[in-house]
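Next come the chains, spelled out residue by residue.
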Amino acid sequence: MTRQADHKLRDAAFAALERSHAPYSGFPVGAALRAGNGAVFQGCNVENASYGLGICAERVAVFSAIITGAGTFDCIAIATEAEEPAPPCGACLQVLAEFATLDLKVHSYCRNGAEASWSLGSLLPHPFTADLLTTGTT
Ligand code: THU
């Protein structure tokens, strides 16, 4: 993908951050996931007064892509207001691994200009995968 496409994805992640509902943590997050056909799906974290019901920005982006039938993904951008670039949490990495290959690019951007990138495989080298389910005893 082009630099321009990556900038578009970054901007979509920051636009999603503006929609964040994070009154409890005070930690707004935006995400933008790019499908193989170039379509972009946004997500933001959505917290709840019943704290455990909150959901991360990355999973909102994945689920909104899945409902459209989007199948392959090549990059996810994350935007935060943290001082250092934040990788997705472990739960989001596992959800990403369900729908993307381990070479998915993960870019994280901060409001202060700091950024970092990883591959999904470098952040989650041993995902739990569907083929493991066939080795159960039932
Ligand atoms: N959060 C995300 O949206 N993505 C992550 O990968 C890590 C954490 C959210 C969850 C919660 O609303 C807030 O950030 C603080 O943990």
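Further up the page is the structure itself.
Residues numbered from 1 in each chain as written. Predicted model: local features only at pLDDT ≥ 70, side-chain atom pairs only at ≥ 80, totals over all residues. Heavy atoms only, no water.

(A) Structural view of the nonpolar core. Core analysis: the biggest nonpolar cluster contains 22 residues, and Leu33, Phe73, Ile76, Leu96, Leu104 and Leu120 have the highest contact counts within it. Secondary-structure elements contributing two or more residues to this core are β1 (29-35), α2 (57-66), β3 (73-80) and α3 (90-99). Non-local contacts of Leu96, meaning those with residues more than four positions away in its chain, are made with Leu33, Val62, Ile76, Pro88, Leu104 and Leu120. Within the second largest apolar cluster, 10 residues are counted, among which are Cys75, Ala77, Ala79 and Tyr109. (Core = buried A, V, L, I, M, F, W, Y, C linked by side-chain atoms within 4.5 Å. Buried < 20%, exposed > 50% of the residue type's maximum accessible area, 1.4 Å probe, protein only. Helix = DSSP H or I, 4+ residues; strand = E, 2+ residues; numbered from the N terminus. Contact = heavy atoms within 4.5 Å.)

(B) Spotlight on the pairing of strand β2 (residues 40-44). Examined bridge by bridge, β1 and β2 share 5 bridges and lie antiparallel to one another. Across the sheet, the residue bridging to Ala32 is Gln42, located in β2. Taking the residues between adjacent antiparallel strands as the criterion, β1 and β2 are bridged by 4 residues, where Gly38 takes a positive phi near 95°. (Pairing = 2+ DSSP bridges.)

(C) Region of the structure containing the site of the ligand. Taken together, Ser25, Phe27, Val29, Asn45, Glu47, Cys56, Ala57, Glu58, Pro88 and Cys89 are the residues near the ligand. One of the side-chain N or O atoms of Asn45 is found 2.9 Å from an oxygen atom in the ligand. Glu47 places a polar side-chain atom, nitrogen or oxygen, 2.5 Å from an oxygen atom of the ligand. When the ligand is considered free in solution it has 370 Å² of accessible area, and contact with the protein chains removes 74% of it. Among the residues forming the shell around the ligand, the class breakdown is 6 nonpolar, 2 polar and 2 charged. (Near = heavy atom within 4 Å. Polar contact = N/O pair within 3.5 Å; in protein donor to acceptor, adjacent residues only side chain to side chain. Areas by Shrake-Rupley, 256 points an atom, 1.4 Å probe, with all protein chains shown as cover. Nonpolar A, V, L, I, M, F, W, Y, C, P; charged D, E, K, R; others polar.)

(D) Summary view of the side chain of Ser108. As for its placement among the helices and strands, Ser108 is situated in strand β4 (residues 105-110). Within polar-contact distance, the side chain of Ser108 engages the backbone oxygen of Ala86 at 2.8 Å.

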